[in-house]
Amino acid sequence: MYDVNEETKQFALRLLFHDNNNRETNMTLQTLTTLETSTKICIFKNQLKGYKSLNDLYTFAEVNNFSIFFVPNADKMRNWIFLDIDSQTKDTEGKRKMLSKDEMKIITQVLINLNIFEYCTYVVSGTGLHVYLELDFSATSEEFDMFHRIISSSMQNAGILVDKMNQTHRMRFPGVINEKYNKKSQVLSKFYSDLKLNK
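Here is a short report on the structure shown in this document. (Residues numbered from 1 in each chain as written. Predicted model: local features only at pLDDT ≥ 70, side-chain atom pairs only at ≥ 80, totals over all residues. Heavy atoms only, no water.)

What about the overall build of the protein chain?
For the protein chain, the helix and strand inventory stands at five helices and 12 strands. A buried classification covers 47% of the 199 residues belonging to the protein chain. Across the protein chain, every contact between residues at least 6 apart in sequence was considered, and the portion connecting residues at least 24 apart equals 73%. For the protein chain, the accessible surface area stands at approximately 10,600 Å², while carbon and sulfur atoms represent 50% of it. (Helix = DSSP H or I, 4+ residues; strand = E, 2+ residues; numbered from the N terminus. Buried < 20%, exposed > 50% of the residue type's maximum accessible area, 1.4 Å probe, protein only. Contact = heavy atoms within 4.5 Å. Areas by Shrake-Rupley, 256 points an atom, 1.4 Å probe, with all protein chains shown as cover.)

Structural data, given as structure tokens:
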């Protein structure tokens, strides 16, 4: 059995399915080389059936040194808002440090102030954090951009920078190894939500 926590697997399945139907996610396997050249080397046609095939996919990627990327909103049901946040502090070698506890507290407080924290799932990836919110409706690109802009602005006012992205941005799939740091991206168990945000 692939070694990630239960919340990560539950969340991965939510990203891959909607109302028990496979979602289109444009899932790709990447190596460090193909990431640098933006070359897609393999696309899965969403034949995952649940835990067993999800474990098989994780294991295949790990054994072959692949990382897995996907597009949360590639499907016609575009019901995910997501953020990518990295620490702005670097070590003496110029490499990014892990987000500190203080930075994590600031991020959480901003989301609380916006009344959306209870809908958020945190995924630690490399030295940064991915935050996901599931919607109970399909958002337009304009709605995604507006929502993202509001959160990013609030974070920036608190000293936290959020990466710019659009509705069809690709993300590292939760549970896979981040090849830059040789660490698995996982859901933080205490920051997992299965609630859906309505309009």
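A closer look at the packing of aromatic side chains
Scanning all chains against the criterion turns up 12 aromatic pairs. Arranged with centres 6.2 Å apart and planes meeting at 90 degrees, the rings of tryptophan 80 and tyrosine 132 form a pair that is edge-to-face. Of this pair, tryptophan 80 sits in strand S5 (residues 80-85) while tyrosine 132 sits in strand S7 (residues 128-135), and the two are 52 residues apart along the sequence. Like tyrosine 132, tryptophan 80 is buried. Through a chain of ring-to-ring contacts, the aromatic side chains of Phe11, Trp80, Phe82, Tyr132, Phe144 and Tyr192 assemble into a single cluster. The ring of phenylalanine 69 carries the charged tip of arginine 170 above its face, separated from the ring centre by 4.8 Å. (Phe/Tyr/Trp six-rings, centres within 6.5 Å; stacked < 30°, edge-to-face > 60°. Lys NZ or Arg CZ within 6 Å of the ring centre and 35° of its normal.)

Here's the deal with the pattern of salt bridges
All chains considered together, the criterion is met by four salt bridges. Note that lysine 184 is salt-bridged to glutamate 62, the shortest N-O span being 3.8 Å. Of this pair, lysine 184 sits in strand S10 (residues 183-184) while glutamate 62 sits in helix H3 (residues 51-63), and the two are 122 residues apart along the sequence. The exposure class assigned to glutamate 62 is partly exposed, which follows from its relative accessible area of 33%. In this structure, the salt-bridge partner of lysine 196 is glutamate 134, at a minimum N-O distance of 3.9 Å. With a gap of 62 residues between them, lysine 196 in strand S12 (residues 196-197) and glutamate 134 in strand S7 connect regions that are remote in the sequence. (Salt bridge = Lys/Arg side-chain N within 4 Å of Asp/Glu carboxyl O.)

Thoughts on the packing of helix H4 (residues 101-113) against helix H5 (residues 141-157)
Between H4 and H5, the least distance of the axes is 10 Å, while the angle of their chain directions is 130 degrees. Considering their axes alone, H4 and H5 lie oblique with respect to each other. The handedness of the crossing between H4 and H5 is right-handed. Counted together, Ile107, Val110 and Leu111 of H4 and Ile151, Ser154 and Met155 of H5 form the full contact between these two elements. Split by residue class, the contact of H4 with H5 holds five nonpolar, one polar and no charged. (Axes fitted to C-alpha atoms, helices over the stretch in contact; angles between N-to-C directions. Parallel < 35°, antiparallel > 145°, perpendicular 65-115°, else oblique. Left-handed = near helix turned anticlockwise from the far one by under 90°. Nonpolar A, V, L, I, M, F, W, Y, C, P; charged D, E, K, R; others polar.)

What about H4?
With 13 residues, H4 ought to run about 18 Å at 1.5 Å a step, and its terminal C-alpha atoms sit 18 Å apart, in line with that. Restricting attention to buried positions, one finds in H4 the residues Glu103, Met104, Ile107, Thr108, Val110 and Leu111. Seen end-on, H4 carries its buried residues on one side only, within an arc spanning 160 degrees. For H4, the exposed residues lying more than 90 degrees away from the buried face are Lys101, Asp102, Lys105 and Asn113. Positive backbone phi, approximately 60 degrees, marks asparagine 115, located one or two places after H4. (Expected span 1.5 Å × (residues − 1). Arc of directions from axis to C-beta.)

Side note on the environment of glutamate 6
The residue glutamate 6 is located in helix H1 (residues 6-16) in this model. As a C-alpha pair, glutamate 6 and glutamine 186 span 180 residues in sequence and 9.6 Å in three-dimensional space.

So, the pairing of S5
Counting buried positions along S5 gives six out of six residues, so the element sits mostly inside the fold. Because side chains alternate across S5, one face comprises the buried residues Trp80, Phe82 and Asp84, and the other comprises Ile81, Leu83 and Ile85, equally buried.

Some words on the side chain of arginine 23
Relative to the helices and strands, arginine 23 is located in the loop between strand S2 (21-22) and strand S3 (28-30). Despite its burial, arginine 23 pairs with no opposite charge, the nearest such side chain being aspartate 75 at 4.7 Å. (Lys, Arg positive; Asp, Glu negative; His and termini not counted.)

Regarding the environment of threonine 25
Summarising the element assignment, threonine 25 is placed in the loop between S2 and S3. Here the alpha-carbon distance between threonine 25 and arginine 170, two residues 145 residues apart in the chain, equals 9.1 Å.

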